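# Observations on chain architecture
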Amino acid sequence: MTAREIVAQVTNLPVMPSATVKLLQLLENPMENTQAALDIIQHDAVLSAKLLRLCNSAAIGLRKAVASVDQAVFFLGFREVQRLALALGVGGSLKRKGKCSEAEARELWHHSVTTAHAATLILPEIRSLEVDSSIAFTAGLLHDIGKLVLAEALTPEMHTEVRARVSGGLPLWEAERAVIGSPHSEVGAVLLQTWHMPEILVEPVINHHKPAFETEPKLSVLIHLADCVAHQVGKNPAWPDFAALVDQAAASSVGFGAPQLAFALKALAEQMEKVDQFAQAA
């Protein structure tokens, strides 16, 4: 089946809150839409309450409690508040179980948060890629959202076949394509298109396993690297081990090598306690 056919046949699709959809759509021009994004956050009572709870949690570690969105912006800056608000909205969709077990849903959300943080850490190291950090963070959160759709679409027999192929050494996305016709990356991209998300978010989702870098590097290169780093955090692999997992041509296109890998793994490892708390709080 094509990705579009898979999305069309799944009745229990992930649902994104309307405020979050509006925030995501504004990311196409983040510098021009700051006030519009702030208005959306402030006028959504549920999102505002969740945001303030998160801002006052140990995950953020503010020395002084905040009682309004304006105060949160004052202490954290708008970009950080925007990232937190997006994570809260996206997290509600990614943490839903559906046919996934609770452990699987929790693991997917934790990996998504880890990838988002990895993306923001790697971004300054890639001078050839000019993108707002909020977009990079959000793309990291969304990159695996297609897995939720496939979890609903795959029959138990298909799940067994996918796992068997992965155990045999086939990458997950290739096993999905072989069994059902489309990998989670393509399915996730179609889902974002049904939500009318900007192309800058669709591209890294559809290409995060086969990043686009010909002519010029796309955001998918960053999310591909962040995804690979997130899977390796805590393992401290040497470059040859990491290079076996990553698209080396894509990595070379942005100058990502052994020094950048060492920096990314160290910086992400230092943030993992915060990432863990953030994943739980959101």
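Residues numbered from 1 in each chain as written. Predicted model: local features only at pLDDT ≥ 70, side-chain atom pairs only at ≥ 80, totals over all residues. Heavy atoms only, no water.

### Focus on the packing of aromatic side chains
- In this structure the tally under the stated criterion is four aromatic pairs.
- Consider the rings of Trp-239 and Phe-242, whose centres lie 5.7 Å apart with planes at 40°: the pair is tilted. With Trp-239 and Phe-242 both in helix 15 (residues 239-243) and three residues apart, this pair spans about one turn of that helix.
- The class for Trp-239 is partly exposed, based on a relative accessible area of 23%.
- Taking the relative accessible area as the measure of exposure, Phe-242 reaches 0% and is therefore buried. (Phe/Tyr/Trp six-rings, centres within 6.5 Å; stacked < 30°, edge-to-face > 60°. Helix = DSSP H or I, 4+ residues; strand = E, 2+ residues; numbered from the N terminus. Buried < 20%, exposed > 50% of the residue type's maximum accessible area, 1.4 Å probe, protein only.)

### A short note on the nonpolar core
- Core analysis: the biggest nonpolar cluster contains 100 residues, and Ile-122, Leu-142, Leu-222, Leu-225, Val-229 and Phe-256 have the highest contact counts within it.
- Sequence-distant contacts of Leu-222, that is, excluding residues within four places in its chain, are made with Ala-119, Ile-122, Leu-123, Ile-126, Leu-129 and Ala-136. (Core = buried A, V, L, I, M, F, W, Y, C linked by side-chain atoms within 4.5 Å. Contact = heavy atoms within 4.5 Å.)

### Focus: the confidence of the model for the protein chain
- Chain-level pLDDT for the protein chain is 90 on average; 99% of the residues reach the 70-or-more range.
- When pLDDT is averaged over each element of the protein chain, helix 12 (residues 184-194) comes out on top at 96 and helix 15 at the bottom at 84. (pLDDT = per-residue confidence, 0-100.)

### A closer look at the packing of helix 7 (residues 102-122) against helix 8 (residues 133-142)
- Where helix 7 meets helix 8, the axes come as close as 7 Å, and the angle between the chain directions of the two elements is 155°. Between helix 7 and helix 8, the interaxial angle falls into the category roughly antiparallel. In the crossing of helix 7 with helix 8, the sense of the turn from one axis to the other is right-handed. Seen from helix 7, the contacting residues are Trp-109, Ser-112, Val-113, Thr-115, Ala-116, His-117, Ala-119 and Thr-120; seen from helix 8, they are Ser-133, Ala-136, Phe-137, Gly-140 and Leu-141.
- Of the residues assigned to the contact of helix 7 with helix 8, the class counts are seven nonpolar, six polar and no charged. (Axes fitted to C-alpha atoms, helices over the stretch in contact; angles between N-to-C directions. Parallel < 35°, antiparallel > 145°, perpendicular 65-115°, else oblique. Left-handed = near helix turned anticlockwise from the far one by under 90°. Nonpolar A, V, L, I, M, F, W, Y, C, P; charged D, E, K, R; others polar.)

### What to know about the environment of Val-229
- Structurally, the position occupied by Val-229 is in helix 14 (residues 219-232).
- Note: C-alpha distance between Val-229 and Thr-2 (227 residues apart in sequence) is 29 Å.
- Ignoring sequence-local partners within four residues, the contact set of Val-229 consists of Ala-118, Ile-122, Phe-242, Phe-256, Leu-261, Ala-264, Leu-265 and Leu-268.

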